[in-house]
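Now for the letters of each chain:
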Amino acid sequence: MTMKKITMFFVTFCMLFVIGACGSKKEIQQEAIDAYKNALTKIMDYRSADYELEVNAKADGQKVKFAINGGFINDGPLQLRMNASMSVSGISVDDFMSLYIKEDYLYMSAMGENMKQPLDVEESLSSFNIGIDPETMIDDKEIKAMLEEATIDDNEIHMVFDVDVINATIEKTYDETSSGSAPHYNTMEFTFQIDDKGMLTSFSMQADAVQDEQEVVVELTLKMKDVNQLEAIEFPEDLDTYLESGTYVESDGSDAFYEDEESFEDYWYSDEEFGF
């Protein structure tokens, strides 16, 4: 249940980041809005980078930590590496999941299972590009409506969101068929670090919300390194042994298929499989 609450929190957060990443108003500097939009637009100029992401969350009295590191090269066919570890209330899983993209295939290794499936990279990235493309990015008025404060000091952009507006937006877009209630945010703040060219070098988010009468507190930090300097991605040598999605290995070592999509999803997406 804790993992589901935190997952819903991040789904809502990502929605808000695309929309607006995006009481009375405090100081909203136009220079900060311009720098923020420029930094988002310049994400399209990233041809390669290493990255580190750390997420610390607390819900239902449990502490969850995700640590993700990897790299990507987007100068030609997308190549990507992502390795994730996690801990729940002090119990650590160092190799929680690894994910790779190579030659239009997605490879995933998790909980002792190695799988692969074809990937339409262009289609997968299209929805992300909508939020950062100047042609489709929301205008200044819409961004300012989501904020209480936006300031810039040297190369640091700081944003404080108007949680009344955030919560009203969530209520309008929340899937009524979902179990439980929509998260209600108490605070949400973003901080962006940019370089002298206006490109994003780090991002941090602090937020807390209440969902189903339980408080969820999250701190997130993303750091970008070696932007447009990465020359190669290191992939595992055994990618060719990964099974096509929907297959598994029988006890005799032979490949077999899941009977149907439901049995496949029951295995991979159940809380029991991941021990939470």
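Scroll up to find the structure.
In short, a report on the structure.

### Some points on helix α2 (residues 30-42)
Since the α-helix packs 3.6 residues into each turn, any two residues three or four apart lie on the same face.
Phase 1: If you check α2, its first and last C-alpha atoms are 18 Å apart, about what 13 residues at 1.5 Å a residue would give, namely 18 Å.
Phase 2: Here α2 has its buried residues at Ala32, Ile33, Ala35, Tyr36, Lys37, Ala39 and Leu40.

### Thoughts on the packing of aromatic side chains
Phase 1: If you walk through the whole model with that rule in mind, you get 8 aromatic pairs.
Phase 2: Both rings, one in Phe190 and one in Phe203, keep their centres 5.1 Å apart while their planes meet at 80°; by these two values the pair is edge-to-face. In this pair, Phe190 is assigned in strand β9 (residues 184-194) and Phe203 in strand β10 (residues 200-211), connecting sequence segments 13 residues apart. Of the two residues, Phe190 and Phe203, neither departs from the other in class, the shared state being buried.
Phase 3: Taken together, a centroid distance of 5.0 Å and an interplanar angle of 40° make the contact between Phe192 and Phe203 tilted. Of the two residues, Phe192 is situated in strand β9 and Phe203 in strand β10; the sequence distance between them amounts to 11 residues. For the pair Phe192 and Phe203, one class covers both residues: buried.
Phase 4: A cation over a ring is seen here: Lys116 above Tyr105, with NZ or CZ 5.6 Å from the ring centre.

### Things to note about the pairing of strand β6 (residues 113-118)
Phase 1: Here strand β5 (residues 105-110) pairs with β6 via 6 bridges, running antiparallel. By the bridge assignment for β6, Met108 is matched with Met115.
Phase 2: Hairpin connection from β5 to β6: 2 residues lie between these consecutive antiparallel strands, with Met111 at a positive phi of about 50°.
Phase 3: Relative to strand β12 (residues 243-244), β6 is paired through 2 bridges, and the arrangement is parallel. Paired with Lys116 across the bridge in β12 is Glu244.

### Looking at the pairing of β5
Phase 1: Here strand β4 (residues 91-102) runs beside β5; their pairing, made up of 6 bridges, is antiparallel. When the bridges of β5 are listed, Ser98 appears paired with Ser109.
Phase 2: A loop of 2 residues connects β4 with β5, the two strands running antiparallel in sequence, and Glu103 in this loop sits at a positive phi of about 50°.

### Details of the side chain of Ser98
Phase 1: Residue placement: Ser98 occurs in strand β4.
Phase 2: A polar contact of 2.9 Å, which involves the side chain of Ser98, links it to the side chain of Asn83.
Phase 3: When sequence neighbours within four positions are dropped, the list of residues in contact with Ser98 reads Met82, Asn83, Tyr107, Met108 and Ser109.

### Regarding the sheet that holds β4
Phase 1: If you walk across this open sheet you meet the 12 strands as β7-β8-β9-β10-β11-β1-β2-β3-β4-β5-β6-β12, and the pairing is mixed. Strands at the two margins of the open sheet, each flanked by one partner only, are β7 (147-153) and β12.
Phase 2: Relative to the sheet, α2 contacts β7, β8 (156-161) and β9, its axis offset from that of β7 by approximately 80°.
Phase 3: Strands β8 and β9 of the sheet are contacted by helix α5 (residues 163-173), whose axis makes an angle of about 110° with β9.

Cut-offs used in this document
Residues numbered from 1 in each chain as written. Predicted model: local features only at pLDDT ≥ 70, side-chain atom pairs only at ≥ 80, totals over all residues. Heavy atoms only, no water. Helix = DSSP H or I, 4+ residues; strand = E, 2+ residues; numbered from the N terminus. Expected span 1.5 Å × (residues − 1). Buried < 20%, exposed > 50% of the residue type's maximum accessible area, 1.4 Å probe, protein only. Phe/Tyr/Trp six-rings, centres within 6.5 Å; stacked < 30°, edge-to-face > 60°. Lys NZ or Arg CZ within 6 Å of the ring centre and 35° of its normal. Pairing = 2+ DSSP bridges. Polar contact = N/O pair within 3.5 Å; in protein donor to acceptor, adjacent residues only side chain to side chain. Contact = heavy atoms within 4.5 Å. Axes fitted to C-alpha atoms, helices over the stretch in contact; angles between N-to-C directions.

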